[in-house]
Amino acid sequence: MRLFDTATRQVRDFVPRVPGQASVYLCGLTVQSGPHIGHLRSGVNYDVLRRWLLHAGLDVVFVRNITDIDDKILAKSLEQGRPFWSIAYANEVTLAATYRALNVLPPTYEPRATGHVPEMHEMITELIERGNAYPSNDGSGDVYFAVGSFAEYGALSGQKPDEMQAAADGPERAKRNPRDFALWKGAKAEEPDDAEWPSPWGRGRPGWHIECSAMAKRYLGAEFDIHGGGLDLVFPHHENEQAQSRAAGLPFARFWVHHGLLNLGEAKMSKSLGNVIDLDAVTERGIRPADLRYYLLAPHYRARIDFSWQALEEAATAYRRIEGFVQRAVEIVGVVEPGAMCAEFAEAMNDDLNTSAALAALHEVVREGNTALAAGEDKATAGALGSVRAMLGVLGLDPLDPVWASGKGGEGLRGTVDALVALALEQRTAARARKDWAAADAVRDQLKQAGVVVEDTPHGPRWTIGSEL
């Protein structure tokens, strides 16, 4: 397997630090509000990475953090007159439900920033003792990382420190260098009283960057395999993470993997910009969570997605063609366990997770399976079904996965609809038996108006539904 490493700017062979194991840290969300589909791209893309590592036989420890304290959450707290932790937790619950709807596997650990303040204190103290950090001298209680003390600062993002803008997380008068960034922020009168912790430098709260360094060390150790996140995090967040971690004597991440952004118009989808589309908005237009997952993973993970409803609907149609083959094949040959995936699919996935090429290979097997179905070749149909299920399983899109089949993927009324449609089809079958074609057609047309499409097959009528319930 080969992955593009942002730090070296090249695709490199992925060799786990510990044979048979893989350790991954993904920067999770800042939960000042609910997730939009740009956030969901991160969840889906790294879920595919994790599933492929598991397919390779590796024991994967996957950590995805929650940032539940920062400037934006505190601003929401003051604006709404609610405790910051109440806002953060409500949005965390929404995020978890949304990930479940898209069949994103739960992380091995999901630490919150507020639960790891002691670990942050330890790292900040270590940095001060090593001469890489200093308390401000303005009485604010702030502590800053000294950018000039780390010779490799800027290496990850490819920037020169002298050309960087000042870090906007504290007054320049309190810093030795305007580019120094905050590790600890002293308490401020205008901020909520419950957003403070005691520290050796006075009451306050952590800076954004120190959170992930401390949590990665806590759950993955001094060195781990892969650090993931969006391209918008390369600078300053990941640059600062790397600097403070390595300055503290930690080897830190062996690979830096970044996914492309999802744009709406000319700008990235962003809560702060207000140009967001969430899962509810998608499902209201008849796009199911499985369709959205297909849309988010269809492009290469490093490619930018320029969102459009037309492209999303086209992706839904493409996935439903795959789903349709699986359903028809099961009707003929029964449920076939996942089998051997085609070589082209595996080759694409090993080539920097090229899901675009992998899906092209999958669709080719689906085409061959449909040909076998039409020819009545049950053995070939079963072989194609097993291969397709194996490939879809790695992508988290197998229609026979209990997550989708049980309704946890957003189809909670499926059992009720099954019963109601079955009753209508019984009435249609009875009308056809007595050659009352008008009544049979009326039942079919009424179902169609409700979004249920009936197809007559040699094995009886089958139905599909095109809208989310």
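Residues numbered from 1 in each chain as written. Predicted model: local features only at pLDDT ≥ 70, side-chain atom pairs only at ≥ 80, totals over all residues. Heavy atoms only, no water.

> Could you give an account of unusual backbone geometry, with specific residues and numbers?
In this structure, Pro 236 follows Phe 235 across a cis peptide bond, with omega equal to 5°. Position of Pro 236 among the secondary structure elements: in helix H6 (residues 234–247). The phi dihedral of Arg 9 is positive, around 60°, even though this residue is not glycine. Considering the arrangement of structural elements, one finds Arg 9 in the loop between strand S1 (2–5) and strand S2 (10–13). Notably, Phe 252 is not glycine yet its phi reads approximately 65°, a positive angle. By the secondary structure assignment, Phe 252 is in strand S10 (residues 252–259). For Phe 252, a relative accessible area of 1% corresponds to the buried category. (Helix = DSSP H or I, 4+ residues; strand = E, 2+ residues; numbered from the N terminus. Buried < 20%, exposed > 50% of the residue type's maximum accessible area, 1.4 Å probe, protein only.)

> So what about the packing of aromatic side chains? Which residues, and what values?
For any pair of aromatic rings, geometry is given as the distance between the ring centres together with the angle between the planes. One pass over the structure, following the stated rule, counts 13 aromatic pairs. On the numbers, 6.5 Å between centres and 50° between planes, the contact of Tyr 25 with Phe 224 is tilted. In this pair, Tyr 25 sits in strand S3 (residues 21–26) while Phe 224 sits in strand S9 (residues 223–230), placing the two residues 199 residues apart along the sequence. For the pair Tyr 25 and Phe 224, a shared accessibility class is recorded, and that class is buried. Ring centres 5.0 Å apart and planes at 20° place the aromatic pair Phe 145 and Phe 181 in the stacked group. With a gap of 36 residues between them, Phe 145 in strand S6 (residues 143–145) and Phe 181 in strand S7 (residues 181–186) connect regions that are remote in the sequence. Owing to a relative accessible area of 1%, Phe 181 belongs among the buried residues under this scheme. (Phe/Tyr/Trp six-rings, centres within 6.5 Å; stacked < 30°, edge-to-face > 60°.)

> Hey, could you go over the sheet that holds S10 for me, with residue numbers and the actual values?
Strand order in the open sheet made by the four strands is S4-S3-S9-S10, with parallel pairing throughout. Sheet topology places strand S4 (59–64) and S10 at the edges, where each strand pairs with a single neighbour. Between one strand axis and the next, the sheet turns by 25° as a mean value, whatever way the strands run. As paired elements, S3 and S9 share three bridges and run parallel to each other. For Val 24, the partnering residue across the bridge sits in S9 and is Ile 226. The strands touched by helix H5 (residues 208–220) within the sheet are S3, S4, S9 and S10, with S3 carrying the most contacts at an inclination of about 160°. (Pairing = 2+ DSSP bridges. Axes fitted to C-alpha atoms, helices over the stretch in contact; angles between N-to-C directions. Contact = heavy atoms within 4.5 Å.)

> Give a description of the pattern of salt bridges that names residues and reports values.
Counting across every chain of the model gives 28 salt bridges. Asp 169 is the partner of Lys 175 in a salt bridge, and the nearest nitrogen-oxygen pair spans 3.0 Å. The shortest N-O distance in the salt bridge between Asp 352 and Arg 302 comes to 2.9 Å. A residue pair is termed long-range when its members are at least 10 positions apart, and Asp 352 in the loop between helix H10 (343–350) and helix H11 (355–375) and Arg 302 in the loop between helix H8 (289–297) and strand S13 (305–306) qualify at 50 residues. The network of salt bridges with shared partners includes Asp 71, Lys 185, Glu 191 and Arg 205. (Salt bridge = Lys/Arg side-chain N within 4 Å of Asp/Glu carboxyl O.)

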